Structure formats: C-alpha cells, structure tokens
Amino acid sequence: MKDKSFETQAIRAQHNRSDNNEHSVPVYLTSSFVFDTADDMRAAFADENDAFIYSRYTNPNTNEFVNKMCLLEGAEAGVASASGMSAIYTTLAGLLSSGDHVIACSSVFGATHTIFTKYFPKWNISHSYFNADHPEKITELITPKTKIIYLETPTNPAIEVIDLEVVSKIAKENKLLLVVDNCFATPFLQQPIKYGADIVIHSATKYIDGQGRVLGGVVLGKKELVNEIYLFGRITGPSLSPFNAWVLSKSLETLSLRMERHCENALYIATEVEGHPLLEFVKYPFLKSHPHYNIAIKQMKAGGGIVTFSLKGGFEAGKNFMDKLKMIKISPNLGDSRTIATHPASSTHCKLSAQERNSVGITDGLIRISVGLENKKDILQDILQALS
Ligand SMILES: *Cc1c(COP(=O)(O)O)cnc(C)c1O
C-alpha cells in the first residue's frame, strides 16, 4: 500500500478478511481472544508474535485504523486512544519523567494547557510557552532539562500557523523530540513527519470522524517512541473502543473529499466576510492578510475548515451574534459536516481573564466557525444575517 496515493490508501488499507470473506471489515466487538494451546498464549505474552490478546492492547479494528493513519501520515508506527486528550496525555506521560521540561506554543488547546499548568507541576514537570510569531526564540527557552517541543498548527482557536521546518531544525540541533498536534490540518493538508516531527497526534473526534459521532485519538511516529507510549497506554488503559475504531476507519475513506469541501467552503466564507464593517479582523490561513500566510501556503495543501473573526462590539456583540444564528448551531465541537459556531470568551475560555485570553489571540468578540459541508451560500447567508 506504501506506493499508492493518499485517497487509495484511505480506502483500500484494510484488515485481512475473515473466513466469511466479507467485503467491508466487520466490527470486532470482543474484549479478548482465544489461543489453541497454552504455548501459543505464552508466545503472545512473550511478544514472540503479534497475536491479538486483549482489546485493551490491540484489536483488529483499532489495528486497521492505526495502520491506515500510519500510511496517511507517513509514520512507522502508531497507537489508538480513546480521545484526543488521552492520546496527548499518554504521549506526554509515557515519554516524560519527573524533572523534565516541555516547550509548547502558547496557544495550545485548552485541556492541553491545563495538563501543563495544573497537573504536570504535581509531578515536577515544568513548561515554557513560545509565541507562534517567533518560533526561532524557542532556543532561548531550552534548558538542560528540556525534552519535548510541543505544538499545534494551525492553533485552536487563534488560527496561528507555526513553521514546522524552523521548529524541527531547532529540535534536531538540540536533540529534543518534536510532538505535533495535527488535528486542524489532518494528514490530507499537512504531514508534519515530512518536516521532521517525531510524533504526530490527532483528536480523531474532529475531522477524522467528521460527522460528530465518536471520540477517538491516535499517536503516530517513530517505532521506538510509539512503542514506549503503547506500553504505557496498555497498562494505564486509555484504549479506543473497537466500534469507534471501525467508525473512524470508515470515515477515513472520505477524508480527502470532505477536507477538499471544508477548505473550499471555509475560504469562500473567509473571503466573503473579510472587510465587513462590523468585523475587526477575519483570520484564515489561506487569506493573504493572515500574518502567517507564507508559512501556511508552504506547509499546507489548503487552509483547513476553521475561520475566525472578531466582532468590533466585543463580548456582548459576540454573544448576540451566536444567539442570532439560525441554521448554524452553538456547540464546542469542530470538524463536523454541520457548520458550528463557538464564542470562546463566553464558553471554552471563560475561565481565563480577558488579559490571559488576549495574550493567546482570543479577543472578547472572537467567533470560531467550523465550516461544514452544507452549501456554502447557505452558510454565508446565516452568518451575514446574524451579523446584520
Ligand atoms: C478537540 C481537540 C483536542 C482534544 O480532543 P478530544 O478528542 O476532545 O479529547 C486536542 N487538540 C485539538 C487541537 C483539538 O481541537
């Protein structure tokens, strides 16, 4: 399958057929597997073969999903996880030890920020944040204890784009691991391993499912590192359910088609609302006005499905906009076939002070639109009527 193109791999990489010769891979809802002899079971536990043992470890459905993701991201190995956060936590906790230090982009996903600021200090793991505008300044933050550089690009919800080539060079020169949350781009738009990332993580809950049905996550990268993470997860138990893995693997069959349409619709919305008199700014990686436009066009195939804009009227105007939407729903999810709107200042980021929010690019009037697959004119019409 390695010689086939992205679309073909996403459809044709399948688990081996069972004796029933099914065309579409069935759901393997089984918690454990049986062995013909005691010696067969011994061999499986001694890692002498890769037989299935127990679904906390591996399962045909999770294997199919992971193998397909490895092909799509160009990774040597991977491990599935119950959610994006469990993928992130298992990776960091599996690789870090007490005393270690992490350097992360300042606008990381909210729950990842909480891991760094609330939980890691309990285990003596510290962090520093770098500004997406100045990745070269990461070098000033490196200490003898630094082990990982962690970033998202584009970031959620500030839509900053971080130069993977620049950060990867710094990581290599300083023998640090580069971990990238590739959730917003998906492997269809950007493959961080090509730029030198050691580990790529996804919340599969978003574009990989793409229809707002299941939670899931996956960690991909170098075999040695992934194995360490796998062994930690196999003991601590954040396993992906076989049913969710089956849904996610099926969803990958249409990822390229969906992403093309998400990107087309999002670019249309961003272009149409840019310059609207009630908006302070519109942010989308493939708009020429985006401060990181040149990086975006270098490392991404298209701009992705998320558009943000900020209302001049601030907090109240942001909330009003949300209440006036008719078709587009208020929800914290993203990457769905349905267009979704979020007002971070009054929801996902309400616990931060206005100053803390502003420092990571979240203005009081910021609206995040996860542009769906509906007809782009219907999406635009709803946004325009809510702005009027
Ligand atoms: C949603 C999200 C996560 C967390 O994923 P869950 O599946 O909700 O646990 C992590 N990173 C980014 C960028 C996300 O958008």
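Residues numbered from 1 in each chain as written. Predicted model: local features only at pLDDT ≥ 70, side-chain atom pairs only at ≥ 80, totals over all residues. Heavy atoms only, no water.

1. Some points on a nonpolar patch on the surface
Then, number 1: A cluster of nonpolar residues, Val27, Leu29 and Phe243, forms a patch on the protein surface that exposes about 280 Å² of accessible area.
Then, number 2: Take valine 27: it is sitting in the loop between α1 (6-12) and α2 (38-45).
Then, number 3: Assessed through its relative accessible area of 31%, valine 27 is described here as partly exposed. (Patch = residues over 30% accessible without salt bridge, like charges linked within 9 Å, V, L, I, M, F, W, Y side chains within 5 Å. Areas by Shrake-Rupley, 256 points an atom, 1.4 Å probe, with all protein chains shown as cover. Salt bridge = Lys/Arg side-chain N within 4 Å of Asp/Glu carboxyl O. Helix = DSSP H or I, 4+ residues; strand = E, 2+ residues; numbered from the N terminus. Buried < 20%, exposed > 50% of the residue type's maximum accessible area, 1.4 Å probe, protein only.)

2. Structural notes on the environment of methionine 259
Then, number 1: Mapping methionine 259 onto the fold places it in helix α11 (residues 255-273).
Then, number 2: Between the alpha carbons of methionine 259 and alanine 302 there is a distance of 8.9 Å; along the sequence they are 43 residues apart.
Then, number 3: Once residues lying within four places of it in the same chain are set aside, the contact partners of methionine 259 are Phe184, Ala185, Thr186, Phe188, Leu189 and Tyr207. (Contact = heavy atoms within 4.5 Å.)

3. Details of the domain arrangement of the protein chain
Then, number 1: Domains assigned within the protein chain are domain 1 (6-254) and domain 2 (256-387).
Then, number 2: Between the C-alpha centres of domain 1 and domain 2 there is a distance of 27 Å.
Then, number 3: Between domain 1 and domain 2, the residue contacts involve 35 residues of the former and 35 residues of the latter.
Then, number 4: Interface area, domain 1 with domain 2, both sides summed: about 3,100 Å², of which 57% is carbon and sulfur.
Then, number 5: At the boundary of domain 1 with domain 2, the tally comes to two salt bridges.
Then, number 6: One salt bridge in this structure joins lysine 298 and aspartate 163, with 3.0 Å as the shortest N-O distance.
Then, number 7: Applying the counting criterion to the domain 1 and domain 2 interface returns 19 residue pairs in polar contact (both at pLDDT 80 or more).
Then, number 8: Of all the secondary-structure elements, those providing two or more residues to the side of domain 1 that touches domain 2 are α1, α7 (164-173) and α8 (186-189). (Domains from an automatic or database assignment. Buried area = accessible area lost by both parts, 1.4 Å probe. Polar contact = N/O pair within 3.5 Å; in protein donor to acceptor, adjacent residues only side chain to side chain.)

4. A look at the pattern of salt bridges
Then, number 1: Per the stated rule, a full pass over the model turns up eleven salt bridges.
Then, number 2: Of the charged contacts, one joins arginine 42 and aspartate 39 as a salt bridge, the two residues approaching to 2.8 Å between their closest N and O atoms. Taken together, the residues arginine 42 and aspartate 39, both in helix α2 and three residues apart, mark about one turn of the helix.
Then, number 3: Accessibility expressed as a relative area gives 46% for aspartate 39, which makes it partly exposed.
Then, number 4: A salt bridge links aspartate 209 to arginine 213; its shortest N-O distance comes to 2.7 Å.
Then, number 5: Of the residues examined, aspartate 209 reaches a relative accessible area of 0% and is grouped as buried.
Then, number 6: You can call arginine 213 partly exposed: its relative accessible area is 46%.
Then, number 7: A network of salt bridges, in which partner residues are shared, links Asp39, Arg42 and Glu48.

5. Re the packing of helix α4 (residues 84-95) against helix α5 (residues 110-119)
Then, number 1: At a minimum axis distance of 10 Å, the contact between α4 and α5 shows a crossing angle of 30 degrees. One finds that α4 runs roughly parallel with respect to α5. Handedness of the crossing formed by α4 with α5: right-handed. Contact with α4, carried on its side by Met85, Ile88, Tyr89 and Leu92, involves Ala111, Thr112, Ile115 and Phe116 of α5 and no other residues of that element. (Axes fitted to C-alpha atoms, helices over the stretch in contact; angles between N-to-C directions. Parallel < 35°, antiparallel > 145°, perpendicular 65-115°, else oblique. Left-handed = near helix turned anticlockwise from the far one by under 90°.)

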